[in-house]
Amino acid sequence: SMKKKKLKLSPKKIFNLNFLKSPFKNKNNQIIFGTTLILTSIYLFIAFISFFSEWKNDDSLVSGRSITDILIEKEIANSMGGLGAYISYILVKSWFGITAFFIPFFSLLTGLKILKLRIKSINNIVFNGMLGMLILPVFIYHFFESLILAGGIGIYTDELLNSAIGYLGNSLLLITILLVYIIISFDINSQQVMSIIKKLKPSPKKIKTKETKDKDF
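Here is what the cut-offs are and how they apply
- Residues numbered from 1 in each chain as written.
- Predicted model: local features only at pLDDT ≥ 70, side-chain atom pairs only at ≥ 80, totals over all residues.
- Heavy atoms only, no water.
- Core = buried A, V, L, I, M, F, W, Y, C linked by side-chain atoms within 4.5 Å.
- Buried < 20%, exposed > 50% of the residue type's maximum accessible area, 1.4 Å probe, protein only.
- Helix = DSSP H or I, 4+ residues; strand = E, 2+ residues; numbered from the N terminus.
- Contact = heavy atoms within 4.5 Å.
- pLDDT = per-residue confidence, 0-100.
- Expected span 1.5 Å × (residues − 1).
- Polar contact = N/O pair within 3.5 Å; in protein donor to acceptor, adjacent residues only side chain to side chain.
- Salt bridge = Lys/Arg side-chain N within 4 Å of Asp/Glu carboxyl O.
- Patch = residues over 30% accessible without salt bridge, like charges linked within 9 Å, V, L, I, M, F, W, Y side chains within 5 Å.
- Areas by Shrake-Rupley, 256 points an atom, 1.4 Å probe, with all protein chains shown as cover.

## A short note on the nonpolar core
Stage number 1. Ranked by size, the top nonpolar core spans 10 residues in total: L44, F48, F51, L91, V92, F96, A100, F106, M133 and I148.
Stage number 2. Taken together, the elements giving at least two residues each to this core come down to α3 (27–62) and α5 (81–96).
Stage number 3. In this structure, L91 is in contact with F48, F96, G97, A100 and I103, ignoring residues within four places of it in sequence.

In structure tokens, the structure reads:
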């Protein structure tokens with residue numbers, strides 16, 4: 001009797017992503033992709049900077065209008081034209097606020113990485129940046145009430161948390177999350193925290209000199 005062969009599916013064969021890497025192995029493609037990402041990042045940096053100075057002028061020209069109308073609008077003040085104003089409106093005002101600057105920063109790093117320039121811990125930078133894009137807008141709107149700097153995500157999330165756990169509860173939650181985020185991002189350990197606390201504490205000599213001055217007075 002013939003033995004039945006069991007059909008085995010290896011995860012490597014199912015999730016073979018080599019076809020995504022193959023275009024980047026070609027040097028000409030690397031130059032094209034890398035340069036495109038770097039130029040895109042420069043374009044977005046300038047568009048975002050211009051947005052913060054010209055958004056009051058452009059807001060009524062962009063809000064609620066189709067992209068085709070925005071592109072042919074001659075009154076747009078953004079340095080990068082209608083497209084720059086439209087992208088800035090979506091990414092800055094509607095979504096991420098000032099943390100939208102992380103997007104061109106990621107694009108720049110990725111472009112430089114593709115062009116074989118050595119960049120240390122790009123994965124950590126991207127991960128921490130993505131966390132920052134979600135946390136910082138909420139923190140900015142909650143404590144500083146800046147609509148433009150917070151963006152739509154910051155405003156919506158803060159209002160949702162305020163209604164769910166109250167303003168004070170939200171404040172405590174955001175401070176805790178921010179501290180954890182700083183500790184994770186900068187890899188701060190307990191010894192470093194204690195050394196910072198010790199530095200903040202006044203030295204005994206300073207306290208004694210202050211007491212003697214108070215007595216003399």
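## Re the confidence of the model for the protein chain
If pLDDT is low for a region, its predicted coordinates should not be looked at in detail.
Stage number 1. Scored by pLDDT, the protein chain has a mean of 84; 79% of the residues are at 70 or more.
Stage number 2. Per-element confidence in the protein chain is highest for α5, whose mean pLDDT is 97, and lowest for helix α1 (residues 11–14), whose mean pLDDT is 50.

## Points about α3
Stage number 1. In this model, α3 (36 residues) spans only 40 Å end to end at C-alpha, well below the 52 Å of a helix rising 1.5 Å per residue.
Stage number 2. Two to three positions downstream of the cap, the backbone nitrogen of N28 sits 2.9 Å from a side-chain oxygen, assigning the N-cap of α3 to N26.
Stage number 3. Positive backbone phi, approximately 75°, marks G64, located one or two places after α3.

## Focus: unusual backbone geometry
Stage number 1. Its identity is not glycine, yet K116 carries a phi of approximately 70°, on the positive side.
Stage number 2. Relative to the helices and strands, K116 resides in the loop between α6 (102–114) and α7 (122–144).
Stage number 3. K116 gets classed as exposed once you look at its relative accessible area, which sits at 62%.

## Quick look at the pattern of salt bridges
Stage number 1. Scanning the entire structure with this criterion turns up two salt bridges.
Stage number 2. A salt bridge links D59 to K93, with the nearest nitrogen and oxygen atoms 2.7 Å apart. Separated by 34 residues along the polypeptide, D59 in helix α3 and K93 in helix α5 bring together distant segments of the chain.
Stage number 3. Classification of D59 by relative accessible area gives buried; the value is 19%.
Stage number 4. For R65, the salt bridge goes to E73, with nearest N and O atoms at 2.9 Å.
Stage number 5. By relative accessible area, which is 30% here, R65 ends up partly exposed.

## Focus: a nonpolar patch on the surface
Stage number 1. Side chains of F143, F144, Y167, I175, L179 and I183 sit close together on the surface and give an oily, nonpolar patch of about 600 Å² of accessible area.
Stage number 2. Put simply, the parts of the chain that give the nonpolar patch at least two residues each are α7 and α8 (147–185).
Stage number 3. With four residues, the single largest contributor to the nonpolar patch is α8.
Stage number 4. Inspection of the secondary structure puts F144 in helix α7.

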